[in-house]
Amino acid sequence: MTDLVERLVPEELWVLFRRVVPPTEVIRPQGGGRRRAGDREALAAIIFVATSGCTWRQLPPVFGPSWQTVYRRFAQWSRARVWARLHRVILDELGARGDLDWSRCAIDSVSLRAAKGGH
């Protein structure tokens, strides 16, 4: 499993991801319970679902966390805008290294008709 996780989430990506993911707060008033599934394993599972086209329920158990845990983490990180921040951090990192080729970029815009009365 470690090889798969490290292949899907290489160390360089993991370092960048840790910069944008919000800190985890585990609250267990009664104590006990299961150990929280690792963020790196959850991220690898999310990447697997996104790139393989499988459904959450089809997620192979080799990743460790259940599909419900992976989906819950995906939803939490989506609400926290982790993906947008990660995208920005990756672009900044690539730009700082000079690894972005801006000659092949595309700019997209949307035109909307203004409401009557300017409101």
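Conventions adopted
- Residues numbered from 1 in each chain as written.
- Predicted model: local features only at pLDDT ≥ 70, side-chain atom pairs only at ≥ 80, totals over all residues.
- Heavy atoms only, no water.
- Helix = DSSP H or I, 4+ residues; strand = E, 2+ residues; numbered from the N terminus.
- Buried < 20%, exposed > 50% of the residue type's maximum accessible area, 1.4 Å probe, protein only.
- Contact = heavy atoms within 4.5 Å.
- Areas by Shrake-Rupley, 256 points an atom, 1.4 Å probe, with all protein chains shown as cover.
- 1 Å grid on protein atoms, 1.4 Å probe; cavity = no way out; pocket = protein on both sides within 12 Å on 5 of 7 lines; lining within 4 Å.
- Points joined across faces, edges and corners; volume = space filled by probe spheres on them.
- Nonpolar A, V, L, I, M, F, W, Y, C, P; charged D, E, K, R; others polar.
- UniProt positions renumbered as here; feature names shortened; annotations may be inferred.
- Core = buried A, V, L, I, M, F, W, Y, C linked by side-chain atoms within 4.5 Å.
- Salt bridge = Lys/Arg side-chain N within 4 Å of Asp/Glu carboxyl O.
- Phe/Tyr/Trp six-rings, centres within 6.5 Å; stacked < 30°, edge-to-face > 60°.

The helix and strand tally for the chain stands at 5 helices and 0 strands. Mapped from its N terminus to its C terminus, the chain presents α and β elements in the order α-α-α-α-α. Referenced to the eigenvectors of the C-alpha coordinate spread, the extents of the chain come out at roughly 60 × 40 × 30 Å. Counting every position in the chain, which comprises 119 residues, the buried fraction comes to 25%. Long-range pairs, those at least 24 residues apart, make up 68% of the contacts in the chain between residues at least 6 apart in sequence. A total of about 9,100 Å² of accessible surface is found on the chain, and carbon and sulfur atoms cover 53% of it.

Turning next to the layout of surface pockets. Approximately 310 Å³ is the volume found for the largest pocket. Surrounding the largest pocket, 15 residues form its lining, R36, A37, T69, R72 and R73 being those nearest its centre. Of the residues belonging to the lining of the largest pocket, the class tally is 4 nonpolar, 4 polar and 7 charged.

In the UniProt entry, the feature "domain: Insertion element IS402-like" (unreviewed entry) is given for residues 10-87. Its end C-alpha atoms 16 Å apart, residues 10-87 is made of 55% helix and 0% strand.

Time to look at the nonpolar core. Grouped together as the largest cluster of nonpolar side chains are 23 residues, with contacts concentrated most on V9, F17, L43, L59, W77 and L86. The set of elements that each furnish at least two residues to this core consists of α2 (11-20), α3 (39-52), α4 (67-79) and α5 (82-97). Ranked by residues supplied to this core, first place goes to α3 with 7 residues. If we skip the residues at most four places from it in the chain, V9 touches W14, R40, L43, A44 and I47.

On inspection of all chains with the given rule, the structure shows 7 salt bridges. Among the ionic pairs, R40 bridges to E11, the shortest N-O distance being 3.1 Å. Of this pair, R40 sits in helix α3 while E11 sits in helix α2, and the two are 29 residues apart along the sequence. Relative accessible area serves as the criterion here: at 15%, R40 is assigned to the buried category. A residue is classified by how much of its surface remains accessible, and E11, at 46% relative accessible area, is partly exposed. A salt bridge links R36 to D39; the shortest N-O distance between them is 2.9 Å. We classify D39 as buried; its relative accessible area is 16%. Here the salt bridges share partners, and the residues they tie into one network are E12, E93, R97 and D99.

Once that is clear, we can look at the packing of aromatic side chains. Inspection of every chain in the model, using the stated rule, returns 9 aromatic pairs. Here the aromatic rings of W14 and F17 are separated by 5.8 Å at their centres, their planes lie at 20 degrees, and the arrangement is stacked. Of this pair, W14 and F17 both sit in helix α2, 3 residues apart, roughly one helical turn. Just as W14 is buried, F17 falls in that class too. An aromatic cluster of at least three residues, connected via ring pairs, comprises W14, F17, W56, Y71, F74, W77 and W83.

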